[in-house]
Amino acid sequence: MKVLFLHHQQRLDYRLEPTYVELFKPFLLSGLVDEYDEFIYQHELRLCAGRVFVDMHKAMGERLLQKVEASQPDLIVYSLTWWSECIRPAYFFEIKKRWPHIKILTHYWDHNENSEIMMNYERDCHRFSDLVVIPDSHSRCERLRKREGVYADFPFPEKAHFVPTVFDPDHYKKLDVPKEFDVAIFGSAEGLREAYIVALKQRYGPRFEHFGGFHAADKSYIGIDDYVHKLNATRVFVNTQTFPQNRVQLKGKVREALSCGTFLLENENPESRYYLKHTPTVFFSEIQDLYQKVDYYLAHEDERETIAQASHDWYVQNHNPRKWAGYLLEQMGLLKAAV
């Protein structure tokens, strides 16, 4: 089976972006892909930055059609980005018209049910896709499948599947390194997460660390290997929501922590509760509860590490590249061809 990956390239080289780490690498490591090709569509769009917006998208779309014709894949894996730089649906409809045998998997990331523009784009995704993957919200997927609320007029709701991503296990893994940091938050200082960063810094001083991110309040971006090392070297990994007023999500940080065997202290929310229901993961509800649990698990190392190991074992057993990719391919009728 041959796969054409349509990569986003938002802020970094595409090989450091989520589409590469959480889609491309796990597909390759699954052993179910024989050949692959790549099209970095945001790069193609920005090559046309001197043109008017509509012409930029037309040029990118035409290059995509040329790539599909030259590659002749069995499956296209499309990873969304910001709406303004997403590939326009007309080009996917044209792919389906010219090459009806090609399957299209569209992978969502963040969502905003209050955005009419994004909802309209997703309606079109359901028309041209053979499978739509929602990785961050089981309840959203259920509402969509039942056509509830903003999804009342969504076409082909059965195409939506809740399938959280699997982080590249070649990098995101448990390391034999000493613990250096008592408590840390990883990721951009934005929304609710920024408030927790400020609060933890005030309470724990130099015992608290904030790693990674892209925003002005962040220290600096750190590479994957350094990021994973710091994850492994953290005693208590605090994870929070960012913009719960727009969306409550199962954050990728949850799977980062579990893949590295780091103790996760998770912000109470129904999406993480659903995903982690078979693990002993510890949740906190508000700031005083967070302080109490950080203090407790810093003082009880054996209990903390037992919980972290059990959650890691569950993740590795149930969320590995072959199971993840096998499920997706099976839903599109491609698993037999891949095997």
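Rules behind the numbers
- Residues numbered from 1 in each chain as written.
- Predicted model: local features only at pLDDT ≥ 70, side-chain atom pairs only at ≥ 80, totals over all residues.
- Heavy atoms only, no water.
- 1 Å grid on protein atoms, 1.4 Å probe; cavity = no way out; pocket = protein on both sides within 12 Å on 5 of 7 lines; lining within 4 Å.
- Points joined across faces, edges and corners; volume = space filled by probe spheres on them.
- Helix = DSSP H or I, 4+ residues; strand = E, 2+ residues; numbered from the N terminus.
- Nonpolar A, V, L, I, M, F, W, Y, C, P; charged D, E, K, R; others polar.
- Pairing = 2+ DSSP bridges.
- Axes fitted to C-alpha atoms, helices over the stretch in contact; angles between N-to-C directions.
- Contact = heavy atoms within 4.5 Å.
- Core = buried A, V, L, I, M, F, W, Y, C linked by side-chain atoms within 4.5 Å.
- Buried < 20%, exposed > 50% of the residue type's maximum accessible area, 1.4 Å probe, protein only.
- Parallel < 35°, antiparallel > 145°, perpendicular 65-115°, else oblique.

Looking at empty space enclosed by the protein
Right, on to step 1. On inspection of all chains with the given rule, the structure shows 1 cavity of 30 Å³ or more.
Right, on to step 2. By volume, the largest cavity is sized at about 40 Å³.
Right, on to step 3. Taken together, Leu258, Thr262, Phe263, Leu264, Thr281, Ile307, Ala308 and Ser311 form the lining of the largest cavity.
Right, on to step 4. Take the lining of the largest cavity: its biggest share by element is 3 residues, from helix H12 (residues 301-318).
Right, on to step 5. When grouped by side-chain class, the residues that make up the lining of the largest cavity number 5 nonpolar, 3 polar and no charged.

Points about the sheet that holds strand S3 (residues 75-79)
Right, on to step 1. Ordered in space as S2-S1-S3-S4-S5-S6, the 6 strands form an open sheet in which the pairing is parallel. Looking at the sheet topology across the chains shown, the edges are occupied by strand S2 (35-40) and strand S6 (160-162). Across the sheet, the axes of successive neighbouring strands diverge by a mean angle of 20°, strand direction being ignored.
Right, on to step 2. Looking at chain direction, strand S4 (residues 103-107) and strand S5 (residues 131-134) are connected through 3 bridges and run parallel. Of the residues in S5, the one forming a bridge with threonine 106 is valine 132.
Right, on to step 3. Along the sheet, helix H3 (residues 53-71) makes contact with strand S1 (2-7), S2 and S3, crossing S2 at roughly 170°.
Right, on to step 4. Packing against the sheet, helix H5 (residues 116-128) makes contact with S3, S4, S5 and S6, and its axis sits at approximately 155° to S4.

Here we look at the nonpolar core
Right, on to step 1. Judged by nonpolar contacts, the single largest core of 86 residues is most densely connected at Leu6, Phe27, Tyr78, Ile87, Ile95 and Leu105.
Right, on to step 2. In terms of residue count, the dominant contributor to this core is H3 (6 residues).
Right, on to step 3. In this view, isoleucine 87 contacts Leu6, Tyr41, Met60, Leu64, Tyr78, Phe92 and Tyr121; residues no more than four positions away in its chain are not counted.

Some details on the packing of helix H9 (residues 252-260) against H12
Right, on to step 1. Running from N to C, H9 and H12 point in directions that differ by 105°, and their axes come no closer than 7 Å. Accordingly, the angle class assigned to the pair H9 and H12 is roughly perpendicular. Here Arg255, Leu258, Ser259 and Cys260 of H9 lie close against H12, whose contacting residues are Ser311, His312, Trp314 and Tyr315.
Right, on to step 2. Along the lines of polarity and charge, the residues of the contact of H9 with H12 split into 4 nonpolar, 3 polar and 1 charged.

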